[in-house]
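# Summary of the model geometry
What follows is the residue order along each chain.
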Amino acid sequence: MFKKEVEKILKKYTKLKEIPLEIPSSSEFGEYAFPCFILSKKLKKDPKKIAEDLAAKIKKTNLFEKIESNGPYVNFFINKSKLNDFIIKNILKGGYGNKKEGKTILVESPGPNTNKPLHLGHLRNMALGLSISNIFRKMGNTVVNVDIVNDRGIHISKSMLAYQKFGRGRKPNKKSDHFVGDFYVMYNEKVKKNKSLEDEAKGLLIKWENKDKEVRALWKKMSDWALKGIYQTYKEFGFNIDKAYRESEYYEKGKKIILSGLKKGIFKEGEGGSIIVDLEKKGLGKKVLLRSDGTSVYITQDLYLAKKRYDDFKMDKLVYVVASEQIYHFNVLFEILKMLKYKFAENCYHLAYGMIYLPEGKMKSREGVIVDADNIIKDTIELAKKEIKKRFKLSKKEVEKRAKIIGLGALKFFLLKYDSFKDFVFNPKEAISFEGETGPYVQYVYARIKAILRKSKKSSKVDYGVLTHPREIDLVKLLGKYPDVIWQASEQYKPNLVAHYLLRLGKSFNLFYESCPVLKADKKVKDARLNLILAVSYVIKDGLGLLGVGVLERM
RNA sequence: GAGCCCGUAGCCUAGUCUGGAUAAGGCACCAGCCUUCUAAGCUGGGGAUCGUGGGUUCGAAUCCCUCCGGGCUCACCA
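Being a predicted model, the structure only gives us computed values, none of them experimental.

### A few points about the overall build of chain A
Per the secondary structure count, chain A includes 20 helices and 14 strands. Along the three orthogonal principal directions, the C-alpha set of chain A runs to about 85 × 65 × 40 Å. Burial statistics for chain A: of 555 residues in total, 53% are counted as buried. Within chain A, counting contacts between residues at least 6 apart in sequence, those at least 24 apart form 73% of the total. Separation of charge centres in chain A, based on 109 positive and 67 negative side chains, amounts to 4 Å.

Next up, the structure:
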């Protein structure tokens, strides 16, 4: 609103079509700044002089406090009373920052394997999938969370083989995905000394493919165990999926697509009767789509699944949350989808995320050097309990409740504050902290606000013109940026923008808190401040919600 | 070998797409602030050749090129 007004004025006075308006780094330069360098070439004048002339020429309306030149810039100072009024009222109305994009978006995440429990990488995946979905919804889209369950293949056969050989028909005596995972680890131990196990595992896979009854029964039993445990972890983490697609049901499909593509001349025959796609022009080389023996490869299934999902949901956009190791794979997939002229093909996106390293190196679940998801969740919540007990005497139930929100909040926030494509090191001892740039820091701000609001009464008529303290102004201005931040996060697939915004907002509130007492202020100021912090609490709750992080009234 | 990604204080990050005013935070370290709305907080301090070298520009952490360091990928694997 204010920005448009400034642009309108500048267009009128400069005759420029586009106004490169800036938001100054410091508030001593006002709310908006116009750099005059661009005009200096045209007018062949010193930019300082241009700024001076412009500032003198522009007629000031009551929307502005002042408009003045500062070096080569023209600085616009918005009337704070109007600024406060506009932003705070807007927030208190509800639905602040909501948009109405009206698209249907599918988000695939996290793609578990049914031979072992989830690990830290899956947590990063879920955190990203969850938050980007929330952000899309906030933009007014319908989001469907889909999953791909990797429940077939040699890795599955390995845990099956170990169970067959050493499980003695036992039933899970622990969380069932961990029970299954133990056999996967056992296989990898045993195979070091007995290489023939590799062939046995392959044999099991062939039997599975031939639908051998006994093998299928074992497979179903173990898949169910694995999934049951994995879904418990989803639930614990606050993650939900709308539809799961199982690889076992689709791995053979997709041949039709390939064959019809061959007829149309989109694909070619390769050596030995295989079918390939030539993506040399795109710099992606040649890829096999059907083997010489007519069987599918991984990408064949992905092609089918993409089409299947379109048949199921008619989505406008398809987002895959998958580790960055698969960037090449998705580049190929998306190119082929475009060649096949699917409507959604232009709107596929691979939300790639980087590796997570342990202090001792790269995670390898195969070797059992694993950061187990359940353990991480449990440890973080335990840590939160300790912190709570240090501060308050509460009932066990209350401690549990708070610890879960704070612990999970810390964990999710930690996973989301990094740019998704960056690798990072996860040091369990240091990574999950509750101080500094963390989820609890932001949650704490919310609790502080609630503590003040509990001790006060609402007032109907409020004059926001009394909010003139620099820290009040900073806070209001930051609140004003929220809609733009979440829109950027949605456009760029970057939940970390929301996380960093909330940290800034939290910091800004804490600064305000230190120097602007609310309850002890004069009535008029108090009422205005109460509404200001109420607005802050709205934005914090909403923003944390986008990250899948909850808030507490007291902590 | 080729393609893609990353390189910002001792450590971790933001800013890079869309170039602008003294490069913004956190951790750690040092010194302070709880009879006053929750100290999971706040204040002050030291600490940066924005990997290197060029180029474009009135102006470069940001755009282009070179090189260096690290990672991922390039299967009739998934």
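Text resumes after the structure shown.
### Here we look at helix H12 (residues 298-313)
Given a rise of 1.5 Å per residue, 16 residues ought to cover 22 Å, and the 22 Å separating the end C-alpha atoms of H12 matches this to within 8%. Where H12 is concerned, the buried positions are Ile299, Thr300, Gln301, Asp302, Leu303, Tyr304, Leu305, Ala306, Arg309 and Tyr310. Backbone geometry just downstream of H12 places Lys314 in the positive-phi region, at approximately 50°.

### Let's talk about the environment of Gln326
Within the element layout of this structure, Gln326 appears in the loop between strand S10 (317-323) and helix H13 (327-339). For the pair Gln326 and His350, spaced 24 residues apart in sequence, the C-alpha to C-alpha distance is 8.9 Å.

### What to know about the sheet that holds S10
Sheet architecture is open: five strands sit in the order S6-S5-S4-S10-S11, paired in parallel fashion. Where the open sheet ends on each side, the last strands, each with one partner, are strand S6 (243-246) and strand S11 (348-353). Neighbouring strand axes in the sheet, compared pairwise and without regard to direction, differ in orientation by 25° on average. Inspection of the sheet shows S10 paired to S11 by six bridges, in the parallel sense. Pairing of Ala323 across the sheet is with Tyr353, part of S11. Of the strands in this sheet, strand S4 (104-108), strand S5 (142-149), S10 and S11 are in contact with helix H5 (residues 120-138), which crosses S5 at around 160°.

### Quick word on the nonpolar core
The biggest cluster of nonpolar side chains holds 140 residues, and the ones touching the most others in it are Phe34, Phe76, Leu123, Phe237 and Phe426. Sort the elements by how many residues they give to this core and helix H20 (residues 523-546) lands first, with 11 residues. Residues within four places of Leu123 in sequence aside, it is in contact with Phe237, Ala373, Ile376, Ile377, Leu411 and Leu415. Leu106, Ile258, Tyr320 and Phe344 belong to the second largest nonpolar core, which has 37 residues in total.

### A look at the sheet that holds strand S3 (residues 73-78)
Two orientations exist for strands paired in a sheet by backbone hydrogen bonds: parallel and antiparallel. An order of S1-S3-S2 is seen for the three strands of this open sheet, with the pairing classed as antiparallel. The two strands at the open ends of the sheet, each matched to only one other strand, are strand S1 (32-35) and strand S2 (64-70). Averaged over all pairs of adjacent strands, the angle between their axes in this sheet comes to 15°, without regard to strand direction. The pairing of S1 with S3 spans four bridges and is classified as antiparallel. For Pro35, the partnering residue across the bridge sits in S3 and is Tyr73.

How each quantity is defined
- Residues numbered from 1 in each chain as written.
- Chains lettered and ligands numbered in written order.
- Predicted model: local features only at pLDDT ≥ 70, side-chain atom pairs only at ≥ 80, totals over all residues.
- Heavy atoms only, no water.
- Helix = DSSP H or I, 4+ residues; strand = E, 2+ residues; numbered from the N terminus.
- Buried < 20%, exposed > 50% of the residue type's maximum accessible area, 1.4 Å probe, protein only.
- Contact = heavy atoms within 4.5 Å.
- Lys, Arg positive; Asp, Glu negative; His and termini not counted.
- Charge placed at Lys NZ, Arg CZ, Asp CG, Glu CD.
- Expected span 1.5 Å × (residues − 1).
- Pairing = 2+ DSSP bridges.
- Axes fitted to C-alpha atoms, helices over the stretch in contact; angles between N-to-C directions.
- Core = buried A, V, L, I, M, F, W, Y, C linked by side-chain atoms within 4.5 Å.

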